[in-house]
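Chain residues, written in single-letter form:
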Protein chains: 2
Amino acid sequence: MRMSELSATTGTPVPTLKFYLREGLLPAGERTSPNQSQYDETHVARVRLVRALLDVGGLTVAQASAVVSALDDDSVPLSTTFGIAQRAVTQPAPPATSEANGAARIAELCASRDWAVYPNNPGLTMAARVIDTYSALGVDVITEAALERYAQAADLVAAADLEAVASAHDEAQMTNVVVVGTVLGDALFAGLRRIAQEAESFRRFPLPEGTPAPGDLTDHKDC
Amino acid sequence: MRMSELSATTGTPVPTLKFYLREGLLPAGERTSPNQSQYDETHVARVRLVRALLDVGGLTVAQASAVVSALDDDSVPLSTTFGIAQRAVTQPAPPATSEANGAARIAELCASRDWAVYPNNPGLTMAARVIDTYSALGVDVITEAALERYAQAADLVAAADLEAVASAHDEAQMTNVVVVGTVLGDALFAGLRRIAQEAESFRRFPLPEGTPAPGDLTDHKDC
DNA sequence: ATGTCATGGATACTAACACTATCGATAGTG
DNA sequence: CACTATCGATAGTGTTAGTATCCATGACAT
């Protein structure tokens, strides 16, 4: 198929496809003449993946580029593909200040849960930074119990994620699942968390009499 | 305190503080003369909150503005504060196409878990969109079992979140916890998930002999 | 009292990002 | 043979999150 057809199939404007080609998000098609290239189903799939990473996953073009590079590089052992995908989608954070204790708490948590990871796992810095931020804000709600529950939930999700990876047919498919799952899983969980929060909120803090209950409100008039 | 002191205390440049004032992220100080204002601890706290929302939570200025407006508006009942915070931090998604079934699966999940929420809860659209994206990518890994585990994890986290809210002293503090927790909780969980994923990955797909194990790798040379 | 410096308010500028538009030379198509 | 599409390059656009500059006024130290 030619570029116009790739554009029509994926719903992506031709100039945008050219941009993706320039940025390395989309491999060049097979050249059939100096100014003609053939694209195939793999290109369609790649465009859809890129759009998913950008729109749903919220990645930047640079991050998406790193992700698809990891996908294309089949010299990487599967056991480290998670790391590559994770590092690609996690923006580097500045090192914590000296008086912060988030890193120590996370290290402790890892020890207690038998979480063995590389010390440059981006989740370590990310989680530590969030804990430090909480305490800098004076909102001391990340108790041991709360952190423990978050960790349990993370284990649950991680188990589901790896289950999904293991269910893939071949190694290439596995890599794909890892990459897609790493990015989209965050969004999926965030969505479910919003639902569960609201449901739990209504359970704990019932609405005053006369206020429409969730089930009674069937229109979306307010936003 | 004056603006320069506010700047020094929070580590935020004066022009940025002026920008926050313009954008409504920071309330004006108490005017003591036509060109002098006094700022106090509430302003320091607000600046820190704004930086946390922007840097750690990844919100845009517009979203952060909506969040702090909700914080300042004490006419909102607590039971709906979650909704406001959630809607403020969740970017609206386009409506799903007709053949997509993500919304139906999420509705089913809500029913099975007794999750009663307003139909405009942003998590509903968000989660449905992710599921639709997975299937559009041909990565059919969100089985019923996987979704169930994600939902369990969401319940676990939501319970911890509401526990934190309930532990706050007064209503103003509760609102604060809700807002901060909604935004930072996503990041905290995402970090823990990355750790748990890598740990679980090593458990399921052990590294080949000779490759450094997580515990052996103590430097951060690669990124 | 006066020189210096900070402040508030307004306006303009910048860098990064993700496209989007245009152009010229070619090439395939009806 | 006219017409459209393509490639590759270059340049332009709109948005976002600040930065920078300017000015008139006011505070503060000497």
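Keep in mind it's a predicted model, so treat the numbers as computed, not measured.

What counts, and where the lines are drawn
Residues numbered from 1 in each chain as written. Chains lettered and ligands numbered in written order. Predicted model: local features only at pLDDT ≥ 70, side-chain atom pairs only at ≥ 80, totals over all residues. Heavy atoms only, no water. Near = heavy atom within 4 Å. Polar contact = N/O pair within 3.5 Å; in protein donor to acceptor, adjacent residues only side chain to side chain. Phe/Tyr/Trp six-rings, centres within 6.5 Å; stacked < 30°, edge-to-face > 60°. Buried < 20%, exposed > 50% of the residue type's maximum accessible area, 1.4 Å probe, protein only. Core = buried A, V, L, I, M, F, W, Y, C linked by side-chain atoms within 4.5 Å. Contact = heavy atoms within 4.5 Å. Least-squares fit on C-alpha atoms with pLDDT ≥ 70 in both. Salt bridge = Lys/Arg side-chain N within 4 Å of Asp/Glu carboxyl O. Helix = DSSP H or I, 4+ residues; strand = E, 2+ residues; numbered from the N terminus.

A.B. asks: Can you help me understand the protein's contact with DNA strand C in this one?
C.D. replies: The environment of DNA strand C is formed by 23 residues, the closest being Arg22(A), Ser33(A), Asn35(A), Gln36(B) and Ser37(B). The sugar-phosphate share of atoms of DNA strand C within 4 Å of the protein amounts to 71%. Arg22(A) has a polar side-chain atom sitting 2.8 Å from a base oxygen of DNA strand C. Separating a phosphate oxygen of DNA strand C from a backbone N or O atom of Ser4(B) is a distance of 3.0 Å.

A.B. asks: Looking at this model, I keep getting lost on the protein's contact with DNA strand D. Mind explaining?
C.D. replies: Lining the immediate surroundings of DNA strand D are 24 residues, of which Ser4(A), Gln36(A), Thr16(B), Arg22(B) and Asn35(B) lie closest. When the atoms of DNA strand D within 4 Å of the protein are sorted by group, sugar and phosphate make up 72%. Taking Arg31(A), its side chain carries an N or O atom lying 3.1 Å from a phosphate oxygen of DNA strand D. Between a base oxygen of DNA strand D and a side-chain N or O atom of Asn35(A), the distance comes to 3.4 Å.

A.B. asks: Where do I start with the packing of aromatic side chains in this structure?
C.D. replies: For any pair of aromatic rings, the description consists of the separation of the ring centres together with the inter-plane angle of the planes. Residues and elements named next belong to chain A. Tallying each qualifying case throughout the model produces five aromatic pairs over all chains. Judged by centre distance (5.9 Å) and plane angle (50°), the rings of Phe-19 and Tyr-20 are tilted. Look at Phe-19 and you get partly exposed, because its relative accessible area is 29%. Take Tyr-20: its relative accessible area is 5%, and that puts it in the buried class.

A.B. asks: How do you make sense of the nonpolar core when you look at a structure like this?
C.D. replies: One recurring pattern in soluble globular proteins: nonpolar side chains tend to sit buried together. Ranked by size, the top nonpolar core spans 138 residues in total, and within it Trp115(A), Leu192(A), Trp115(B) and Leu192(B) carry the most contacts. For Leu192(B), the residues in contact, after removing those within four places along its chain, are Ile106(A), Leu109(A), Trp115(A), Ala127(A), Leu147(A), Tyr150(A), Ala151(A) and Ala154(A).

A.B. asks: Explain the relation of the copies chain A and chain B to me, please; I cannot follow it from the model alone.
C.D. replies: Two copies of the chain are present, and they differ by a rotation about an axis and a shift along that axis. Superposing chain A onto chain B requires a rotation of 180° together with a translation of 0.0 Å along the rotation axis, leaving an RMSD of 0.1 Å. Within this description, the copies of the chain are treated as partners about a two-fold rotation axis. Looking at the rotation axis and the C-alpha trace of chain A, the residue lying nearest is Ala153(A), at 2.1 Å. A share of 99% of interface residues in chain A that are also interface residues in chain B marks the association as one of identical surfaces.

A.B. asks: For this particular structure, what's the right way to read the pattern of salt bridges?
C.D. replies: Opposite charge on two side chains permits pairing when their charged atoms draw close. Within this structure, the stated rule accounts for 24 salt bridges over all chains. Glu163(A) is paired through a salt bridge with Arg204(B); the nearest N and O atoms lie 3.0 Å apart. With one member in each of two chains, Glu163(A) in helix H8 (residues 144-166) and Arg204(B) in helix H9 (residues 171-204) form a pair that bridges those chains. A relative accessible area of 38% places Glu163(A) in the partly exposed class. Note that Arg193(B) and Asp186(A) form a salt bridge whose closest N and O atoms lie 2.8 Å from each other. Here Arg193(B), found in helix H9, pairs with Asp186(A), found in helix H9 (residues 171-204), and the two come from separate chains. The class of Arg193(B) is buried, set by a relative accessible area of 0%. Via salt bridges that share partners, Asp161(A), Asp186(A), Arg193(B) and Arg194(B) belong to a single interconnected network.

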